[in-house]
Amino acid sequence: MKNPLSDYAREGRRLAGIPVFDVHAHVGQWPGCEGQTPDDMIVEMDRIGIDVAAVSSTLAIGSEFAAGNDQVADAIRRYPGRFIGYCHVSAMYPELMLPELKRCFARRGFKGVKVYVVGAKYNDPRFDPVWTFARERRAPVLAHTWGGDLNGLDKAAERFPGVAFMAAHTGSGFAYESYIEAALRVKNLVLDLTYSREHTQMIETIVEKVPLDQIVWGSDAPCFSMSHQIGKILMARIPDEAKRSIICRTAARLFGWKPMALKRRNGETVSRCTGEGQERQRL
Ligand SMILES: [Zn+2]
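The rules behind each value
- Residues numbered from 1 in each chain as written.
- Predicted model: local features only at pLDDT ≥ 70, side-chain atom pairs only at ≥ 80, totals over all residues.
- Buried ≥ 20, exposed ≤ 12 C-beta atoms within 10 Å, placed from the backbone.
- Helix = DSSP H or I, 4+ residues; strand = E, 2+ residues; numbered from the N terminus.
- Pairing = 2+ DSSP bridges.
- Right-handed = clockwise from strand over helix to strand, strands pointing away.
- Contact = placed C-beta atoms within 7 Å.

It is worth spelling out the pairing of strand S2 (residues 52-57) at this point. Of all six residues in S2, six are buried, a share of seventy percent or more. Side chains Val52, Ala54 and Ser56 project from S2 onto one buried face, and the interleaved Ala53, Val55 and Ser57 project onto a second face that is buried too. In the sheet, strand S1 (residues 21-27) pairs with S2 via five bridges, with the strands oriented parallel. If you follow His26 over to S2, its bridge partner there is Ser56. Following the backbone out of S1, through helix H2 (residues 38-48) and into the adjacent parallel S2, one traces a crossover that is right-handed.

Printed below as a string of structure tokens:
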């Protein structure tokens, strides 16, 4: 096969012409993840060949969600087309969730909703206005989960079939059977393979059992390394077509990503998120 994706990882080459969409990254600081700014992330994205990263704010996890969402807006403003924004809302402040969503989505580049495991389970009625908003705006939802506990996300997804719910950190804590079971049961539940450690054959097992249109990839940068995270997909024992789907195609569909909005890098034609042989199609 020409240019198998594992060669890029093996040789340390940039994924030139291979579209890559990171659905899970952050702006802001977090204990243990200090130091990397959006400027640093763009350098790393260019080095690896990551076209676009959907980001939420670490600051927004606490009470400062509005200031955190403003940091996301600032990163989008400085790097248009390279960052997509998640509006982070918190069940600790239920009365502020809808106003904050409206404030974010009135601004450029916000296309998703980010929620965290504080205040209420995801199937709690407090979240219903958020899911209704996401359905109206066709905005995918990225929800933090960990260690095999979906925190009610699968139940929320069952009640809101018109919303794409991404379960972050599928496989974290070596736990993935519950995610596979839920994805097979709930078709609008999408597994986000953002985690740091895994059993051998974990990605292979997930890809064997779960449809590719329910699997996406993210880095969790700057907390986790983008190169580490993409390497585990590129070197997995799965077909290149599955890798392309995981690192871009499904995310592009969920976000309605238009690569035409991307700036050209180094005179190189930006890539479409399409199948084998079409990735260098001129725009
Ligand atoms: Zn994260």
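The subject of this paragraph is the environment of Ser172. Looking at the secondary structure, you find Ser172 in the loop between strand S6 (165-167) and helix H7 (177-185). Judged by the 22 C-beta atoms lying within 10 Å of it, Ser172 is buried. For the pair formed by Ser172 and Gly148, sequence separation is 24 residues and the distance between their alpha carbons is 7.1 Å. Other than its neighbours up to four places away in sequence, Ser172 contacts Trp146, Gly147 and Tyr195.

Limitation: the analysis is restricted to geometry and does not speak to function.
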